Amino acid sequence: MKRFYCSCSKEVGFHDHVCKNCGRDLVYDPVLGTILSGELINTDCFIVHTPDGQKNRQLIACDNRHTTVACNWALVPEDQENDCECISCRSTRSIPDQEGTDKNPTRWYKLERSKRQLMQTLIDLKAIDATQPELYEDLEFDFLEDKRSNPDLELEHVLSGHYDGLITINAAEADEGFLHTMKEQMQERYRTLLGHFRHEIGHYFWLKFFHNEEMRKKFRKVFGDEREDYSKALKRYYKSGNQSHWRSRFITPYASSHPHEDWAETWAHYMHIVDTLQTAHSYGLSDYEPHKNSFDQWFVEWGRVTQVMNALNRSMGVAEPYPFKVSDIVEGKLRFIDEMICLYALNIKSPSQRKPKKVSVKSKKTTKENRNKSK
Ligand SMILES: [Zn+2]
Ligand SMILES: [Zn+2]
Ligand SMILES: [Zn+2]
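Quick caveat: nothing in here was measured; it's all calculated off a predicted structure.

Asker: Help me out: how do you make sense of the pairing of strand β5 (residues 45-49) in this one?
Answerer: Among the 5 residues that make up β5, 5 are buried, leaving the element largely enclosed by the rest of the structure. Residues Cys45, Ile47 and His49 line one face of β5 and the alternating positions Phe46 and Val48 line the opposite face, and both faces are buried. Sheet topology places strand β4 (residues 34-41) next to β5; 4 bridges connect them, and they run antiparallel. Residue leucine 40 lies in a different strand from β5, and its bridge partner there is phenylalanine 46.

This is the structure:
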């Protein structure tokens, strides 16, 4: 992630509400893709200050600034009349019962934090155009509990997944303990809450990118035929384990289960790379950054950065954060994703991508009804 600065010139964090140096209030503007400093008046009216101390434009802060979520985002101008939550918060349809267990408020807080980081990278990649929020009204999130985290519930297992724009995340994945246990059980080398978001959003963008046969043919050339029976493929994977030669062709064992999962796993990996490499670049550890330099340049740089990153962690006696080896075939898949994102970002403003805008007041009501249902 890039670095953000207050108008007093001190660095501030992506999730910060107030500058620790000068006390100015902070807001993230999804249209500009940056943090702005100024003054919050009457809980939601944000007056932006320019670096010379002048007060200029006005933004509306997200309603969730003052809830458990502690969101620091602003609404985009298109939403200010009808909505009171930012482009990230309003995509949440269900949350775990906030009165059910002491853990649920923290879980919701962490889930939304990860979602905002996900959205920020997508905005930076221009895969999400915050000036056209109506394009993403089909994107919704359910954060659900199951019996393992709430014995009062009937449901044995909530599996994270995606179906036609609706992303489900098991709320317990926000607990470090649960995450670690699942990682051991599934024998995974890497498992994070952010990783879940990045994987599932990959399925969502697959639908956006490969919306016709011509595009799907391109996909099949790189990832294989996605028309292969999905449930049979998953059953086979869980029964007989991953394909023995997965290392040469896939980024993770799970990616070998089906072309859809290969896409989502590789997409998540692509997002890990662009966010981490941008961080390295913004702190002066890398000369290259994705989408400013060519794929070949930043991909070679990524190899060097991960070497340093792993070595630094070994020095601290902690596990290597990057336990992956990217084969030539996987590199080809990452390159394809890079090309698809650039193509999508170019076409995003074309009329064919636009959908009729829903009445936001109505969708708002639905969100609240669903939240009550989830309690
Ligand atoms: Zn400041
Ligand atoms: Zn928000
Ligand atoms: Zn998946």
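Asker: What's the story with the coordination of the zinc ion (ligand 2) in this structure? I'm lost.
Answerer: By definition of the ideal shapes, a tetrahedral metal site with four donors has angles of 109.5 degrees and an octahedral site with six donors has angles of 90 or 180 degrees. Coordination of the zinc ion (ligand 2) by the protein comes from Cys62 (SG), Cys71 (SG), Cys86 (SG) and Cys89 (SG), over a distance range of 2.3 to 2.4 Å. Considering all 4 donor atoms around the zinc ion (ligand 2), the spread of angles at the metal, 107 to 114°, places the coordination shape in the tetrahedral class. If you list the donors of the zinc ion (ligand 2) from N- to C-terminus, the spacing comes out as C-x8-C-x14-C-x2-C. Taken together, the positions of cysteine 62 in the loop between β6 (55-60) and β7 (92-94) and cysteine 86 in the loop between β6 and β7 put the pair 24 residues apart, joining distant regions of the chain. Of the two residues examined, cysteine 62 and cysteine 86, each falls in the buried class.

Asker: Any chance you could explain the nonpolar core here in plain terms?
Answerer: Ranked by size, the top nonpolar core spans 76 residues in total, and within it Ile201, Phe205, Trp263 and Trp267 carry the most contacts. With 8 residues, helix α7 (residues 259-282) is the single largest residue contributor to this core. Beyond its immediate sequence surroundings of up to four residues, tryptophan 263 is in contact with Gly202, His203, Trp206, Phe209, Phe210, Phe219, Phe223, Phe336 and Ile337. Membership of the second largest hydrophobic core comes to 6 residues, among which are Val27, Leu36, Val48 and Ala74.

What counts as what
- Residues numbered from 1 in each chain as written.
- Chains lettered and ligands numbered in written order.
- Predicted model: local features only at pLDDT ≥ 70, side-chain atom pairs only at ≥ 80, totals over all residues.
- Heavy atoms only, no water.
- Buried < 20%, exposed > 50% of the residue type's maximum accessible area, 1.4 Å probe, protein only.
- Helix = DSSP H or I, 4+ residues; strand = E, 2+ residues; numbered from the N terminus.
- Pairing = 2+ DSSP bridges.
- Donors = N, O, S within 2.8 Å, 3.2 Å for Na, K, Ca; no water.
- Tetrahedral: all angles 85-135°; square planar, octahedral: opposite > 155°, others 65-115°.
- Core = buried A, V, L, I, M, F, W, Y, C linked by side-chain atoms within 4.5 Å.
- Contact = heavy atoms within 4.5 Å.

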